[in-house]
Amino acid sequence: MYNHIINFIRETFHQPEGVVPLHAPCFIGNEKKYLNECIDSTFVSSVGKFVDRFEEMVAEYTGAKRAVVCVNGTNALHMAMLLVGVEHGDEVLTQPLTFIATANALSYIGAHAVFLDVDRDTMGLSPAKMRKWLQENAEIRCSECFNKTTGRKIKACVPMHTFGHAVHLEELAELCREYHIELVEDAAESMGSFYKGRHTGTFGKVGAVSFNGNKTITTGGGGMLLFMDEELGKQAKHLTTQAKVPHRWEFVHDCVGYNYRMPNINAALGCAQMEHLQEFVDNKRELAWKYATYFEGTDIQFFTEPRDCTSNYWLNVVLLKDKEARNRFLEETNDAGIMTRPVWQLMNRLPMFKDCECGDLSNAEWLEARIVNIPSSVRLS
Ligand SMILES: *Cc1c(COP(=O)(O)O)cnc(C)c1O
């Protein structure tokens, strides 16, 4: 039934046989050179020039005032929660349609997730649904936001830019200002994605990026925190490096810190990858364009970037007619060696989050039944 699509994907990736992966990393630049330099220097671990250079390159590309490396995207999110002041027992608003890391990060602190619906045009947290939920459930006391029913403080909001497509950031930022809620962006998937010309992850108080092996660019494992507030960036550096007070030989630490600093050897890989980021994004956007044109002539809908967003198209998305069609598509394509995947199971269905408070989740449920990711790697000529 889907033979035509399978052939189109094979042609597009110039891969007449074998498995076409969902997203393969791409090493075509200075990766080996920098790794060798790093090893020759013996500074492979917690100090070295590549860490600083990688942070500077990411800050420059994203327009952030400060970028701070982390070991991975999940602990970048964990740090983001701490840095905006989320405490044990607080509530954090987020979307149920996300990768588990978003919900795990706030749980590490003992905060409670509240799952609110996404928009169908972004697949990310819906400002309209969030406004409605806040109007019904929140009250402001002494410039802080509280849940009227649970009595808990609603401290932060974490939208996620699903598969690289930016949420409606301006509306969300405005809503967070109105209700005194801290905005943290899970920009793990959106390195190279812009909203109204400004890089995702720089609208909230903190943005968290991932450089896992399946993301647009990779450091093996890695993450980055983005800040427009330099002072908060400084605090992040302190917190992620065991909160050690700088001294030539004394070991003094002034709070409970974390060993979350990316090793220099991973940062070396990151520097080489950054040199090709824009090229990769342009390449991925061209692929998305090819897909969009192709699927126009079928009864399968290709997901295109929402208004105001220039997406990295990290993982391309098609929407099948219903869950039955989705399952059939998954089976046929995977049987034929074309890697395709459904979206993550909604967070509120997982055992550890099943008792969390939820808003109306009709869009998330609608999307969950229909989304399939199709091969999205950078194509080398
Ligand atoms: C990849 C990802 C993360 C972070 O993942 P790590 O593997 O820890 O780098 C966080 N949130 C989302 C939505 C992601 O896709």
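All of these numbers come straight from a predicted model, not from anything done at the bench.

S.K.: Go over the overall build of the protein, please, and point to the residues and values.
M.R.: Helix and strand counts for the protein stand at twelve helices and 17 strands. Relative to its length of 381 residues, the protein is compact, with a C-alpha radius of gyration of 21 Å against a globular reference of 21 Å. In terms of overall dimensions, the protein has C-alpha extents of about 65 × 60 × 35 Å along its principal axes. Here the protein holds 381 residues, and the buried ones make up 56% of them.

S.K.: Kindly report on the domain arrangement of the protein, identifying the contributing residues and their values.
M.R.: With domains assigned, the protein is organised as domain 1 (3-24 + 277-374) and domain 2 (31-274). The distance between the C-alpha centroids of domain 1 and domain 2 comes to 25 Å. Across the contact, 43 residues belong to domain 1 and 49 residues belong to domain 2. Interface of domain 1 and domain 2: buried area, both sides summed, is about 3900 Å²; carbon and sulfur atoms make up 62% of it. The tally of links between domain 1 and domain 2 comes to two salt bridges. Between lysine 129 and aspartate 360 there is a salt bridge, and its shortest N-O distance comes to 2.8 Å. There are 25 residue pairs in polar contact (both at pLDDT 80 or more) connecting domain 1 and domain 2. Elements supplying a minimum of two residues to the side of domain 1 that touches domain 2: α10 (277-295), β13 (309-310), β16 (357-358), α12 (362-368) and β17 (371-374). Among the elements that take part in the side of domain 1 that touches domain 2, α12 stands out by supplying six residues, more than any other. Considering only residue class, the side of domain 1 that touches domain 2 consists of 24 nonpolar, twelve polar and seven charged.

S.K.: Any chance you could break down the packing of aromatic side chains for me, citing the residues and the numbers?
M.R.: Under the defined criterion, the tally for this structure stands at 16 aromatic pairs. For the pair phenylalanine 54 and phenylalanine 211, a centre-to-centre distance of 5.1 Å together with 55° between the ring planes defines the contact as tilted. Taken together, the positions of phenylalanine 54 in helix α3 (residues 49-62) and phenylalanine 211 in the loop between β10 (206-210) and β11 (223-227) put the pair 157 residues apart, joining distant regions of the chain. The exposure class of phenylalanine 54 is buried, given its relative accessible area of 0%. Classification of phenylalanine 211 by relative accessible area gives buried; the value is 1%. An aromatic cluster is built from Phe8, Tyr291, Tyr294, Phe295, Phe302 and Tyr313, whose rings are joined through pairwise contacts. When the ring centre of phenylalanine 203 is taken as reference, the NZ or CZ atom of arginine 198 above it lies at 4.2 Å.

S.K.: Can you break down the sheet that holds strand β3 (residues 112-115) residue by residue, with the values?
M.R.: If you trace the eight strands from one edge of the open sheet to the other, you get β1-β11-β10-β7-β6-β2-β3-β16, paired in mixed fashion. With partners counted over all chains shown, the strands left at the sheet margins are β1 (66-70) and β16, one partner each. Relative to β11, β10 is paired through four bridges, and the arrangement is antiparallel. Across the sheet, the residue bridging to valine 209 is methionine 224, located in β11. Helix α6 (residues 127-137) contacts β2 (91-94), β3, β6 (154-158) and β16 of the sheet and is inclined by roughly 150° relative to β2.

S.K.: Can you lay out the packing of helix α2 (residues 31-41) against helix α9 (residues 264-274) for me, pointing to particular residues and giving the numbers?
M.R.: α9 packs onto α2 with a crossing angle of 150° between their chain directions and a minimal axis gap of 8 Å. Taken together, the axes of α2 and α9 are roughly antiparallel relative to one another. Regarding α2 and α9, the two cross each other, and that crossing is right-handed. Facing Glu31, Tyr34, Leu35, Cys38 and Ile39 of α2, the residues of α9 in contact are Asn264, Ile265, Ala268, Leu269, Cys271, Ala272 and Gln273. Residues of the contact of α2 with α9, tallied by class, amount to nine nonpolar, two polar and one charged.

S.K.: Residue-level account of the pairing of strand β4 (residues 138-141), with values.
M.R.: Pairing of β4 with strand β5 (residues 144-147) involves four bridges; the strand directions are antiparallel. Paired with alanine 138 across the two strands is asparagine 147, which belongs to β5.

Cut-offs used in this document
For every chain, the first residue of the written sequence is number 1, and numbering continues from 1 along that sequence. Selection of residues for local features in this predicted model requires a pLDDT of at least 70, selection of side-chain atom pairs for listing and counting requires 80 or more, and totals for whole chains, interfaces and linings are taken over all residues. Water and hydrogen atoms play no part in the side-chain values, which are based on all heavy atoms of the structure. Numbering of helices and strands runs from the N terminus; a helix is a DSSP stretch of H or I covering at least four residues, while a strand is a stretch of E covering at least two. Radius of gyration means the value over C-alpha atoms here, while the globule rule gives 2.2 Å times the residue count to the 0.38 power. Relative accessible area decides the class of each residue, using a 1.4 Å probe on protein chains only: under 20% of the type maximum gives buried, over 50% gives exposed, and in between gives partly exposed. What counts as a domain boundary in this text is fixed by an automatic or database domain assignment. We call two residues in contact whenever any of their non-hydrogen atoms come within 4.5 Å of each other. Note: buried area is the sum, over both parts, of the accessible area (probe 1.4 Å) each one loses when the two are combined. Any carboxyl oxygen of Asp or Glu that lies within 4 Å of a side-chain nitrogen of Lys or Arg is treated as forming a salt bridge with it. N or O atoms closer than or at 3.5 Å make up a polar contact, with two conditions inside protein: a donor-capable atom paired with an acceptor-capable one, and, for residues adjacent in sequence, both atoms drawn from side chains. Polar here means any residue other than Ala, Val, Leu, Ile, Met, Phe, Trp, Tyr, Cys and Pro, which are nonpolar, and Asp, Glu, Lys and Arg, which are charged; Gly is therefore polar. Stacked, edge-to-face and tilted labels apply to pairs of Phe, Tyr and Trp rings (six-membered ring for Trp) whose centres lie within 6.5 Å, assigned for plane angles under 30 degrees, over 60, and everything in between, in that order. By definition here, charges over rings are those cases where NZ of Lys or CZ of Arg is within 6 Å of the ring centre and within 35 degrees of the ring normal. Only when DSSP finds a minimum of two bridges between them are two strands counted as paired. Structural elements are reduced to axes, namely lines fitted to C-alpha atoms, with helices fitted over the stretch in contact, and the angle between N-to-C directions of any two is expressed from 0 to 180 degrees. For this classification, under 35 degrees means roughly parallel, over 145 means roughly antiparallel, 65 to 115 means roughly perpendicular, and everything else is oblique. By convention the crossing between two helices is left-handed if the near helix lies anticlockwise of the far one by an angle smaller than a right angle, and right-handed if it lies clockwise.

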